[in-house]
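# Structural overview
Chain by chain, the residues run as shown.
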Amino acid sequence: MVAIPFSLPSPTSRAPRLLVTVVIGFAVALLALGTLLAQSDEPSRPAVTAGEAAVLLTLATALFAASIWANRKIQRDIDAKFHRLERFMQAFGQTQGMLRSLDGRIVFWGIGAERLYGYCEKEALGKDGVELLYTRCQTSLEDINSALVRDGEWQGELTRRHKDGRDIHIVSKWSLSRGEAGEPEVVIEVSHDITSIKLAERQLHQTNALLRAILETAPGLIYAKDIEGRIILANVTMLDLIDRPWSDVDGRTDMEFLNSNSQARTVMANDRRIMDRARTEEFEEVISHEGNHPRIWSSTKAPLRAADGKVIGLVGVSVEITERKRIEERLQLMVNELNHRVKNTLATVQAIASQTLRGGDPIVRQNLERRLMALAAAHDVLTRENWEGAGIDDVVTGALAPFGEGGDYRFAVSGPSLRLLPRAALALAMALHELTTNALKYGALSMPNGQVAINWQVVEGAKPLLRLTWTESGGPPVAAPSRRGFGVRLIERSLAQDFGGEASVIFDRPAGIIATIEAPLADVAASIEVTPFAQAGTK
Amino acid sequence: MNNTHIFAGIRVLIIEDEALVSMMLEEFLEQIGCRTMGTASRLDEAISKARSLQLDMALLDVNLAGEASFPVAEILTARDIPFIFVTGYGPLGLPADMRHIPILPKPFQMAQLVDAMRMAAY
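Residues numbered from 1 in each chain as written. Chains lettered and ligands numbered in written order. Predicted model: local features only at pLDDT ≥ 70, side-chain atom pairs only at ≥ 80, totals over all residues. Heavy atoms only, no water.

## Side note on the sheet that holds strand β2 (residues 106-109) of chain A
Residue and element names in this part refer to chain A. Taken together, the five strands give an open sheet; going across it, the order is β2-β1-β5-β4-β3, and neighbouring strands pair in antiparallel fashion. Here the strands that pair on one side only, and so sit at the sheet edges, are β2 and β3 (153-161). On average, each strand axis in the sheet is inclined to that of its neighbour by 30°, with strand direction left out of account. With nine bridges joining them, β3 and strand β4 (residues 167-178) adopt antiparallel strand pairing. Residue pairing across strands places L158 opposite I170, the latter belonging to β4. Here helix α2 (residues 50-94) sits on the sheet and contacts β1 (97-101), β2 and β5 (184-193); the angle it forms with β1, its principal contact strand, is near 105°. Taken strand by strand, helix α7 (residues 195-217) contacts β3, β4 and β5, and its axis lies near 130° from that of β4. (Pairing = 2+ DSSP bridges. Helix = DSSP H or I, 4+ residues; strand = E, 2+ residues; numbered from the N terminus. Axes fitted to C-alpha atoms, helices over the stretch in contact; angles between N-to-C directions. Contact = heavy atoms within 4.5 Å.)

In structure tokens, the structure reads:
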């Protein structure tokens, strides 16, 4: 039951109350008269007959009964009205409303208020609302009260404190209720909790501030465009670059503010592609400005989506890489020059050898020449790969290529793809060259049906190993030479050193030569790295 | 001297700035019976010889002491004299309009020289 501590409007109208009073008065008068007549003993006057008394009594009783009936009806009326009022107050209570007197005391406290502030009815009633709820407002409470008396209502935001100590932000509407004489009687307060909205607002504000800070301090260009390619956001760096104020850029396309139309078309085509494919891409863009060298940018652009996921534009970040590209190009030029020099030097060495060995043993001259060629072939593989490493299959194929005239079927090559470090690639190429030369002269390849199987595999373990085997078959019976030749020593020594592993050449009688090379994978294989710019639009 | 070789008797100009390589080329050519009409190691010298000598073929080093030999290539093309590039660079070191010219990559063996010359001649 809610407390209703202020005077209720009169529950009954004046007319029924008057009627009841009159009826009761009339009944009492009749009773008195009847009693008086019945008790008269004056002989001069005839006494009231018993019949007359009975009529009077009946009439009085009837009147009395009627008055009780009327009274009950009024009570039912009152009850019904109270019931309605109670329901109304309960409903009002649900709305986080409260009532307070003009001096600030809380006179009504519903379940909604309890839910909002944490205090129960008993704790709140009669207390000063401002004190209990630690009410704070940007407007002074005096001003609010005077506005309330002047206008009859006030609305605004308040900060209050929950019983558990946390601050609650509310928006509150206060209305002044006046008494029958028009005197201010009670203040009706209906509030809504906006704490979470306030919090979201503050977070939004913080996010905006953060975004602004990023936009203003990031060294690259940051921008957003709508689905038509019109700029909807650009940071200071971008405005500085194109040397225009925001008002000249807002809502414009690249066609309108870039100097070169062809560059603008390329940029817009890139943008179109990102929005059409709805996919983030990274690529290079070239932008020229009057009187300046073209500048190269690495742009990352991502589709901008609406809440429903539909692409409505794009956001992009571009970082200048002009200087980096220049260095890269110079480096590439130097690498090319170096490769050229290495090949020239090899040619010169070959020429020196050729002159020196002129008239000597043609076999010796040929052997030297072939070794130089093998070295050059391995260099070719590495040059193609920019000296970053070489695929093991390329190295093997390259080393065998000069001997492939008899038909590649004589070599059975198998193994997983793997990138070798330059040093390991060169050592392997030379070793394969020696093995092949030897096989052609004395081993399996000296016979028409001889074959060589070249197989490599990664042996998993705590330290994974690369194991490569060269197995000859179908050759003449082999015998270990009394002196290990240069080729064998080159294989064993060079591979052991450059592979950081072990190599052995076994003259397995009668099957043929079996060479095994084993090295820690980490020492010979280049890790597979994806360079971050190896994407669309780059070389 | 091998006078039975397909290139026996043809007149060749060697343009190569590395003396030893130039000598080796001369020796290789001699072995297949070619007549070396002249050698050049510098661009100006190469240009004048490419213009004036009676030639059937030229071997042209791409880099002559730091200068590209493409002007010589243009003269040879204009005179309709077949030639090959002798180079440590790959085909990507050549201008786009010269990528069809046969390349003899350094270092090379006799067989590769003959292959390249054959490609240039036909």
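## Points about the interface of chain B and chain A
Interfaces are often sized by the accessible area lost when the parts come together. Between chain B and chain A, the contact holds 16 residues from the first and 21 residues from the second. When chain B packs against chain A, close to 1,700 Å² is buried across both sides, 56% of that on carbon and sulfur atoms. Put simply, chain B and chain A have two salt bridges between them. Counting across the interface, chain B meets chain A through four residue pairs in polar contact (both at pLDDT 80 or more). Top element by residues in the side of chain B that touches chain A is helix α1 (residues 19-31) of chain B. It accounts for seven residues. Along the lines of polarity and charge, the residues of the side of chain B that touches chain A split into eight nonpolar, five polar and three charged. (Buried area = accessible area lost by both parts, 1.4 Å probe. Salt bridge = Lys/Arg side-chain N within 4 Å of Asp/Glu carboxyl O. Polar contact = N/O pair within 3.5 Å; in protein donor to acceptor, adjacent residues only side chain to side chain. Nonpolar A, V, L, I, M, F, W, Y, C, P; charged D, E, K, R; others polar.)

## As for helix α6 (residues 141-151) of chain A
All names here are of chain A. Residues I144, A147 and L148 constitute the buried set of α6. Burial along α6 is one-sided: seen end-on, the buried residues are contained in an arc of 105°. Opposite its buried face, α6 presents the exposed residues E142 and R150, each directed more than 90 degrees away. Looking at the buried side of α6, the elements it contacts are β3, β4 and β5. Two residues or fewer past α6, G152 is found with a positive phi of approximately 85°. (Buried < 20%, exposed > 50% of the residue type's maximum accessible area, 1.4 Å probe, protein only. Arc of directions from axis to C-beta.)

## Topic: the nonpolar core
Soluble, globular proteins show a tendency: their nonpolar side chains are buried together. All names here are of chain A. Of all hydrophobic cores here, the largest spans 44 residues; its most connected members are I392, L420, L428, I454, L466, W470 and F499. Ranked by the residues each element gives to this core, the list is headed by helix α15 (residues 422-441), at ten residues. Ignoring anything within four residues of it in the chain, the contact list for L420 reads G389, A390, I392, A425, L428, L466, V524, A525 and A526. (Core = buried A, V, L, I, M, F, W, Y, C linked by side-chain atoms within 4.5 Å.)

## Describing the packing of aromatic side chains
One pass over the full model with this rule turns up six aromatic pairs over all chains. An angle of 35° between the planes, with centres 5.7 Å apart, marks the rings of W109 of chain A and Y117 of chain A as tilted. Per residue, the accessibility class of W109 of chain A equals that of Y117 of chain A, and both read buried. Centre to centre, the rings of F28 of chain B and F108 of chain B are 6.1 Å apart; their planes meet at 75°, and the pair counts as edge-to-face. Placement of F28 of chain B in helix α1 and of F108 of chain B in the loop between β7 (103-105) and α4 (110-121) is noted, with a sequence separation of 80 residues between them. Across the pair, exposure class does not vary: F28 of chain B and F108 of chain B are buried alike. Through a chain of ring-to-ring contacts, the aromatic side chains of F70, F83 and F85 of chain B assemble into a single cluster. One residue, R100 of chain A, lies across the ring of W174 of chain A, its end atom 4.5 Å from the ring centre. Over the face of the ring belonging to F283 of chain A we find R273 of chain A, whose NZ or CZ atom lies 5.3 Å from the ring centre. (Phe/Tyr/Trp six-rings, centres within 6.5 Å; stacked < 30°, edge-to-face > 60°. Lys NZ or Arg CZ within 6 Å of the ring centre and 35° of its normal.)

## With respect to the pattern of salt bridges
All names here are of chain A. Tallied over the full model, the rule gives 33 salt bridges over all chains. Ionic pairing is found between R161 and D167, a salt bridge with its closest N-O pair at 3.2 Å. Residue D167 is classed as partly exposed on the basis of its relative accessible area, which comes to 32%. We note a salt bridge from E201 to K198, for which the minimum N-O separation is 3.7 Å.

## Some details on the confidence of the model for chain A
Residues and elements named next belong to chain A. The share of residues in chain A with pLDDT of 70 or more is 89%, and the mean pLDDT across the chain is 83. Ignoring residues within four places in sequence, the model shows residues 1-12, a span with pLDDT below 50, making 23 contacts including any to other chains. Here residues 529-539 scores under 50 on pLDDT; set against residues more than four positions off or in separate chains, the count is twelve contacts. (pLDDT = per-residue confidence, 0-100.)

## Points about the environment of E320 of chain A
All names here are of chain A. With respect to the element layout, E320 can be found in strand β10 (residues 311-320). The class of E320 is partly exposed, set by a relative accessible area of 32%. Distance in space between the C-alpha atoms of E320 and E284 is 9.4 Å, their sequence separation being 36 residues. In contact with E320, other than residues within four places in its own chain, are R295, I296 and W297. Polar contacts involving the side chain of E320 include one to the side chain of R295, which spans 2.6 Å.

## Structural notes on unusual backbone geometry
Following K106 of chain B, the chain continues into P107 of chain B via a peptide bond in cis, with omega recorded as -10°. The residue P107 of chain B is located in the loop between β7 and α4 in this model. At Y134 of chain A, a residue that is not glycine, the phi angle is positive and equals roughly 50°. Its location among the elements puts Y134 of chain A in the loop between α5 (129-132) and α6. For Y134 of chain A, a relative accessible area of 43% gives the class partly exposed. Notably, A278 of chain A is not glycine yet its phi reads approximately 50°, a positive angle. Note that A278 of chain A resides in the loop between α11 (261-277) and β8 (281-287).

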